Amino acid sequence: PIDNFEFVEFRCHSGKIRKAIDEIDLYELCPEYVGRDSPVLRACCRGTKNGELYNPRGIALDRARNEVYVCDMDNNRIQVLSAVGEYVRQFGRDHLTEPFAICISPKDELFVTDIVKQCVLKFRITGEFLKQAGERGNRKGQFSGITGLCCEAGLVYVCDGSLQRILIFDSELKYIK
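Residues numbered from 1 in each chain as written. Predicted model: local features only at pLDDT ≥ 70, side-chain atom pairs only at ≥ 80, totals over all residues. Heavy atoms only, no water.

(A) Main features of the side chain of Arg77. Relative to the helices and strands, Arg77 resides in strand β7 (residues 77–82). Look at Arg77 and you get buried, because its relative accessible area is 1%. In this structure the side chain of Arg77 is engaged in a polar contact, spanning 3.4 Å, whose partner is the backbone oxygen of Thr48. (Helix = DSSP H or I, 4+ residues; strand = E, 2+ residues; numbered from the N terminus. Buried < 20%, exposed > 50% of the residue type's maximum accessible area, 1.4 Å probe, protein only. Polar contact = N/O pair within 3.5 Å; in protein donor to acceptor, adjacent residues only side chain to side chain.)

Laid out in structure tokens, this is it:
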């Protein structure tokens, strides 16, 4: 089960291994997720079908449901996989251009960044779209180069690497600072 994941390894076809805890660059990898004392989670190979990934980026683990959420960037969607890597569902194609980072709030809300739209989108855990905040720019609540995202204590923190700043939103995506 996902509860035992203390680290994650990603192994591509060439055998290269990358390790990370929070942010993971999965560019062109066919991942095998390996957690200490847990089963191997195998997620597809490169492609566009259900269960296949094309340029996967962000990943979030839902321990309560034993599911893995993956930003499938070049397929313009979020794919949900079981704890053993089986395809469960997908969502977001109507709202996402290039999803990059994802986090799950304590209230079971999903927040996803889109690097083309330069925004943050909010979904229910089921995949239902709720709202969007931000746009390209350098003013308050705008982004120039989203690089990371996390949810903590009812807040959503978004890293803008281009503007060298962290923007903070409440859980309703109202800009705070």
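(B) Representation of the pattern of salt bridges within the structure. Throughout the structure, instances matching the rule amount to 8 salt bridges. Lys122 is the partner of Glu109 in a salt bridge, and the nearest nitrogen-oxygen pair spans 3.2 Å. With Glu109 in strand β10 (residues 109–114) and Lys122 in strand β11 (residues 119–124), the pair connects residues that are 13 residues apart, well separated along the chain. Connected through salt bridges with shared partners, the residues Glu109, Lys122, Lys131 and Glu172 form a single ionic network. (Salt bridge = Lys/Arg side-chain N within 4 Å of Asp/Glu carboxyl O.)

(C) Spotlight on the environment of Gln132. For Gln132, the position within the fold is in strand β12 (residues 129–133). For Gln132, a relative accessible area of 39% corresponds to the partly exposed category. Spatially, the C-alpha atoms of Gln132 and Lys122 are 6.2 Å apart, while their sequence positions differ by 10 residues. Those residues within four positions of Gln132 in sequence are excluded, and the remaining contacts are Lys117, Cys119, Val120, Leu121 and Leu173. (Contact = heavy atoms within 4.5 Å.)

(D) Main features of unusual backbone geometry. Backbone geometry places Asn66, a non-glycine residue, at a positive phi of 55°. Looking at where Asn66 falls in the secondary structure, it is placed in the loop between β5 (56–62) and β6 (67–72). Located in the positive-phi region is Asn76, a residue other than glycine, with phi close to 55°. With respect to the helices and strands, the residue Asn76 is situated in the loop between β6 and β7. When its relative accessible area of 29% is taken as the criterion, Asn76 is described as partly exposed.

(E) Focus on the nonpolar core. In terms of nonpolar packing, the biggest core is built from 15 residues, with Tyr69, Ile78, Phe91, Ile102, Leu110, Val112 and Phe123 touching the most fellow members. Within the residue set of this core, elements represented by two or more residues are β6, β7, β9 (99–104), β10 and β11. When residues no more than four places from it in sequence are discounted, the contact partners of Leu110 are Tyr69, Phe91, Ile102, Cys103, Ile104, Leu121, Lys122, Phe123, Arg124 and Ile125. By size, the runner-up hydrophobic cluster in this structure holds 14 residues, among which are Cys103, Phe143, Ile146 and Leu173. (Core = buried A, V, L, I, M, F, W, Y, C linked by side-chain atoms within 4.5 Å.)

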